[in-house]
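# Architecture at a glance
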Amino acid sequence: MDMDCERAIREVMAADFTCYDLALYLNTHPFDTRALAVYYSSVQRARSLRENYERMCGPLTAQASTRTLNCWEWALTPWPWEWQ
Amino acid sequence: MWIYEKKLEYPIKIRTCNPTMAKYIITQYGGPDGELGASLRYLSQRFSMPTNEAKATLNDIGTEELAHLEMVGSMVYQLIRGVPVKELEKYGLGSYFTQHDHAIYPVDASGVPYSAASFQSMGDPVADLTEDLAAEQKARATYENLINLTDDPDVIDPLRFLRAREIVHFQRFGETLDKVQDELGKKKYFVNKPY
Ligand SMILES: [Fe+2]
């Protein structure tokens, strides 16, 4: 995996993690409006980092595998336990 | 249903093979306090939880445990990748190699295959959530033992992340148990049985 993609995926991972962790908090505090506001902005940030990564490096989900009509990228890009 | 994302929850990049650590860490893949058991426990128990909030907690933590299972599998994979059979044997993985070569299979640190007998799904939310609290503490303690068994920062870093997640899960299950107990306290019967 090239350096730019590695940096980009680490940003996606960090941004997504913020969302998962806030979601677990919101499950037990569903009326915490301050946390909800942070959640909304975290999701937006994660979404834009994800779009940037997928445009540059390849799909994170099968449904995002629409960058090219020449090949099915989902099955061709490396798997995360083999990223070097 | 679930949708796979082609990434790990937290980066795993182990540069030095270590079959001994692989043999220990695999217990968090297929052992009694491992991530497979954690995931199956929460995803099974969620069906009979009394509130939507409790179902959400079990659903989402059970899902995150699947991501942890993938992280642990990735660690074991990288720790034994390309290691010759003689080395595996020397460091205690001869029996594992006989049955699984370099593949990933759910066993504990002593080689005992995964068993669903290591968890319960009682249909009693207080019993189930109390088991979940204990499960998180046992997983946390196991990660601490694993951290104490190695000096490799590439291995310690993801183990510390996983340990920290167990603490957060424990916190969320504690909050869920409190709320469920409040809810049940309002009712005449402890659990609304459908029969
Ligand atoms: Fe956990």
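This write-up is about the structure you can find in this document. (Residues numbered from 1 in each chain as written. Chains lettered and ligands numbered in written order. Predicted model: local features only at pLDDT ≥ 70, side-chain atom pairs only at ≥ 80, totals over all residues. Heavy atoms only, no water.)

Bringing the overall build of chain B into the picture now. A tally of helices and strands in chain B yields eight helices and zero strands. Counting only C-alpha atoms and orienting by the principal axes, one finds that chain B spans roughly 65 × 30 × 30 Å. Within chain B, residue pairs in contact and separated by at least 24 positions form 77% of the contacts whose partners lie at least 6 positions apart. Only carbon and sulfur atoms are counted for the fraction: they give 56% of the accessible area of chain B, which is about 9600 Å². Across chain B, the centroid of the 22 positively charged side chains sits 2 Å from that of the 28 negatively charged ones. (Helix = DSSP H or I, 4+ residues; strand = E, 2+ residues; numbered from the N terminus. Contact = heavy atoms within 4.5 Å. Areas by Shrake-Rupley, 256 points an atom, 1.4 Å probe, with all protein chains shown as cover. Lys, Arg positive; Asp, Glu negative; His and termini not counted. Charge placed at Lys NZ, Arg CZ, Asp CG, Glu CD.)

Before going further, it helps to spend a moment on the overall build of chain A. Regarding its fold elements, chain A presents two helices and zero strands. Relative to the globule expectation of 12 Å for 84 residues, the C-alpha radius of gyration of chain A, 15 Å, shows a markedly less compact shape. Projecting the C-alpha coordinates of chain A onto the three principal axes gives extents of approximately 45 × 25 × 20 Å. Taking all 84 residues of chain A together, 40% fall into the buried category. Residue pairs at least 24 apart in sequence account for 42% of intrachain contacts in chain A once pairs closer than 6 positions are excluded. Carbon together with sulfur atoms contributes 57% to the accessible area of chain A, which is approximately 5200 Å² in total. (Rg over C-alpha atoms; globule rule 2.2 N^0.38 Å. Buried < 20%, exposed > 50% of the residue type's maximum accessible area, 1.4 Å probe, protein only.)

Further remarks concern the coordination of the iron ion. Residues and elements named next belong to chain B. Those donors, E65 (OE), E136 (OE), E136 (OE), E166 (OE) and H169 (ND1), are the protein atoms that reach the iron ion, and they lie 2.1 to 2.7 Å from it. Counting residues between consecutive donors of the iron ion along the chain gives the motif E-x70-E-x29-E-x2-H. Taken together, the residues span about one helical turn, with E166 and H169 both in helix 8 (residues 153-185) at a distance of three residues. We note that E166, like H169, is buried. (Donors = N, O, S within 2.8 Å, 3.2 Å for Na, K, Ca; no water.)

With that out of the way, let us pick up the pattern of salt bridges. In total, this model carries 18 salt bridges over all chains according to the counting rule given. Between A:E6 and A:R10 there is a salt bridge, with its nearest N and O atoms 3.4 Å apart. With A:E6 and A:R10 both in helix 1 (residues 3-28), this residue pair falls four residues apart, about one helical turn. Taking relative accessible area as the criterion, A:E6 reaches 19% and is therefore assigned buried. B:D154 is paired through a salt bridge with B:R15; the nearest N and O atoms lie 2.8 Å apart. Here B:R15 lies in the segment before helix 1 (19-25) and B:D154 lies in helix 8, a separation of 139 residues in the sequence. Taking the relative accessible area as the measure of exposure, B:D154 reaches 13% and is therefore buried. (Salt bridge = Lys/Arg side-chain N within 4 Å of Asp/Glu carboxyl O.)

Let us now look at the packing of aromatic side chains. Under the counting rule described, the total for this entry stands at seven aromatic pairs over all chains. Measuring from centroid to centroid gives 5.8 Å for A:W74 and A:W79, while their planes differ by 75°, and the two rings are edge-to-face. We classify A:W74 as buried; its relative accessible area is 14%. Each ring, one from A:W79 and one from A:W81, has its centre 5.7 Å from the other, and the planes form 35°; the classification is tilted. Using a relative accessible area of 26% as the deciding quantity, one classes A:W79 as partly exposed. Counting every residue linked through ring pairs, the aromatic cluster contains A:W74, A:W79, A:W81 and B:Y4. The ring of A:W79 has B:K6 lying over it, and the distance from NZ or CZ to the ring centre is 4.1 Å. The cationic tip of B:R46 hangs over the ring face of B:F47; the distance from NZ or CZ to the ring centre is 4.8 Å. (Phe/Tyr/Trp six-rings, centres within 6.5 Å; stacked < 30°, edge-to-face > 60°. Lys NZ or Arg CZ within 6 Å of the ring centre and 35° of its normal.)

Between chain A and chain B, the residue contacts involve 28 residues of the former and 29 residues of the latter. Summed over both partners, the interface of chain A with chain B buries about 2500 Å², with 57% contributed by carbon and sulfur atoms. Ranking the residues of chain A by area buried against chain B places A:M13, A:L24 and A:W81 at the top, with a combined share of 25%. Linking chain A with chain B are four salt bridges. With a shortest N-O distance of 2.8 Å, A:R50 and B:E5 are connected by a salt bridge. Taken together, the connections running from chain A to chain B amount to 14 residue pairs in polar contact (both at pLDDT 80 or more). The element best represented in the side of chain A that touches chain B is helix 1 of chain A, accounting for 13 residues. Split by residue class, the side of chain A that touches chain B holds 16 nonpolar, six polar and six charged. (Buried area = accessible area lost by both parts, 1.4 Å probe. Polar contact = N/O pair within 3.5 Å; in protein donor to acceptor, adjacent residues only side chain to side chain. Nonpolar A, V, L, I, M, F, W, Y, C, P; charged D, E, K, R; others polar.)

Once that is clear, we can look at the side chain of B:R41. Counting through the fold element by element, B:R41 comes out in helix 3 (residues 35-45). Setting aside residues no more than four positions away along its own chain, B:R41 makes contact with B:P32, B:S118, B:F119, B:Q120, B:E131, B:D132 and B:A135.

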